[in-house]
Amino acid sequence: MEEEIYTEHARWKGRNREKDSLRSEVWSLLEERSVSIGSVWSRIPNFIGADKAAQRLSELQIWRSSEIVKSNPDSPHIPVRLRALLDGKLVYVPVPELVDDYPFIELDPYILQSNGIPFEEVAPIGGALKHGRKVRFQEMKPFDLAVVGCVAVSRNGGRTGKGGGFADLEMGIFREMELMDSKTPIVTTVHSLQVKDDSRIIMDAHDTPLDWIITPDEVIQTETVLTQPGGIDWDAVQVDQYENIPFLQELKSELLNKQGTLR
């Protein structure tokens, strides 16, 4: 039955069978333990206690010292985005799956406040798309903290997403555009059931490891020794990503031309 459900819902199944199996296990477990909120299949899963995890994150020095935060657009990080806006931070949120000709939304708490727009309205991605400023990578400011979505994580900093490859593609672009560097903390908030043994998480060359994992019950500083990738691994970009992400081919040409000029 589980396999039937997984086959029906997993859009990116087949790229890595071991990762597929782990995602299926996590999604099933969250449902079985009744800690999931809404559908979890083929998603970064929302979970009971996401607000507590966001609160724990907001108490860390890496959060307090940050002025610009990048957050993924998924539901479990609505409390993170709300907390960031309440704390006066500039927030960048990607358009889900990067499907528009502009890849990111900029949420400026002071502009939103002056326009009378409640932060609670723009923390969900629908409100962000409606009220935020649409920006391209070239218009973004370097950020101090990156919050990524995960399906499964490990204490040594391993992570796996929902299978579409969007987070690692973003991270590669950020490094190419000098929007982040090796010192930028990479953070996620997840349910404790999503934390797996180190051996369960497969990290490919283009995968970005985590520096911090926050659950409703625990703060994990991974002190990861896993290799941080460089810029975009264009060979790892999937055919469907080129087809579905409008600006990607243009960006590739721009970056490769830039690299050629610098040589």
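Residues numbered from 1 in each chain as written. Predicted model: local features only at pLDDT ≥ 70, side-chain atom pairs only at ≥ 80, totals over all residues. Heavy atoms only, no water.

## A word on the packing of aromatic side chains
Summed over the entire model, instances satisfying the criterion amount to five aromatic pairs. Of the aromatic side chains, those joined through ring pairs into one cluster are Phe104, Phe137, Phe143 and Phe174. (Phe/Tyr/Trp six-rings, centres within 6.5 Å; stacked < 30°, edge-to-face > 60°.)

## Here we look at the environment of Val91
Note on placement: Val91 falls in strand β2 (residues 90-94). Between the C-alpha atom of Val91 and that of Glu106, which follows or precedes it by 15 residues, the distance is 5.9 Å. Discounting chain neighbours no more than four positions away, the residues touching Val91 are Val69, Arg81, Ala84, Leu85, Ile105, Glu106 and Leu107. (Helix = DSSP H or I, 4+ residues; strand = E, 2+ residues; numbered from the N terminus. Contact = heavy atoms within 4.5 Å.)

## Some points on the pairing of strand β8 (residues 186-189)
Regular strands place side chains that alternate from one sheet face to the opposite one. Where burial is concerned, the two faces of β8 agree: the one with Ile186 and Thr188 and the one with Val187 and Thr189 are both buried. Relative to β8, strand β5 (residues 145-147) runs parallel, the two being bridged by two bridges. Across the sheet, the residue bridging to Val147 is Val187, located in β8. Where β8 lies against strand β10 (residues 212-214), three bridges are found, and the strand directions are parallel. What sits directly across from Thr189, in β10, is Ile214. (Buried < 20%, exposed > 50% of the residue type's maximum accessible area, 1.4 Å probe, protein only. Pairing = 2+ DSSP bridges.)

## As for helix α3 (residues 50-58)
When we look at burial in α3, the residues that qualify are Ala50, Ala53, Ala54, Leu57 and Ser58. For α3, the buried positions fall inside an angular range of 140° around the axis, keeping them on one side. In α3, the exposed positions that point more than 90 degrees away from the buried face belong to Asp51 and Lys52. Looking at the buried residues of α3, the elements they touch are α4 (61-64), α5 (78-86), β8 and β10. (Arc of directions from axis to C-beta.)

## Structural notes on the nonpolar core
By size, the foremost hydrophobic cluster in this structure holds 26 residues, and its most contacted members are Leu57, Trp63, Leu85, Leu107, Leu112, Val187 and Ile214. If you list the elements that add at least two residues to this core, you get α3, α4, α5, β2, β3 (104-107), α7 (119-122), β5 and β10. Apart from residues lying up to four places away in sequence, Val187 is in contact with Leu57, Ile62, Leu145, Ala146, Val147, Val148, Leu210, Trp212 and Ile214. Membership of the second largest hydrophobic core comes to 25 residues, among which are Leu179, Met180, Ile186 and Val190. (Core = buried A, V, L, I, M, F, W, Y, C linked by side-chain atoms within 4.5 Å.)

## As for the sheet that holds strand β6 (residues 152-154)
Adjacent strands of a sheet form backbone hydrogen bonds with each other and so pair up, either parallel or antiparallel. Pairing is mixed across the open sheet formed by three strands, whose spatial order is β7-β6-β9. The open sheet terminates on both sides in strands that have one partner only, identified here as β7 (159-160) and β9 (195-196). With two bridges connecting them, β6 and β9 associate as parallel partners. Bridge assignment links Val153 to a residue of β9, and that residue is Val195.

## Here we look at the sheet that holds β5
An order of β4-β3-β2-β1-β5-β8-β10-β11 is seen for the eight strands of this open sheet, with the pairing classed as mixed. Since the sheet does not close on itself, it has two edges, and those belong to β4 (133-135) and β11 (219-221), each with one partner. Direction aside, the axes of adjacent strands within the sheet are offset by 25° on average. In terms of strand pairing, β10 meets β11 through three bridges, oriented antiparallel. Each residue of the ladder has a partner; that of Ile214, found in β11, is Val219. Across the sheet, α5 is in contact with β1 (68-71), β2, β3, β5 and β8; its angle to β2 comes to roughly 155°. (Axes fitted to C-alpha atoms, helices over the stretch in contact; angles between N-to-C directions.)

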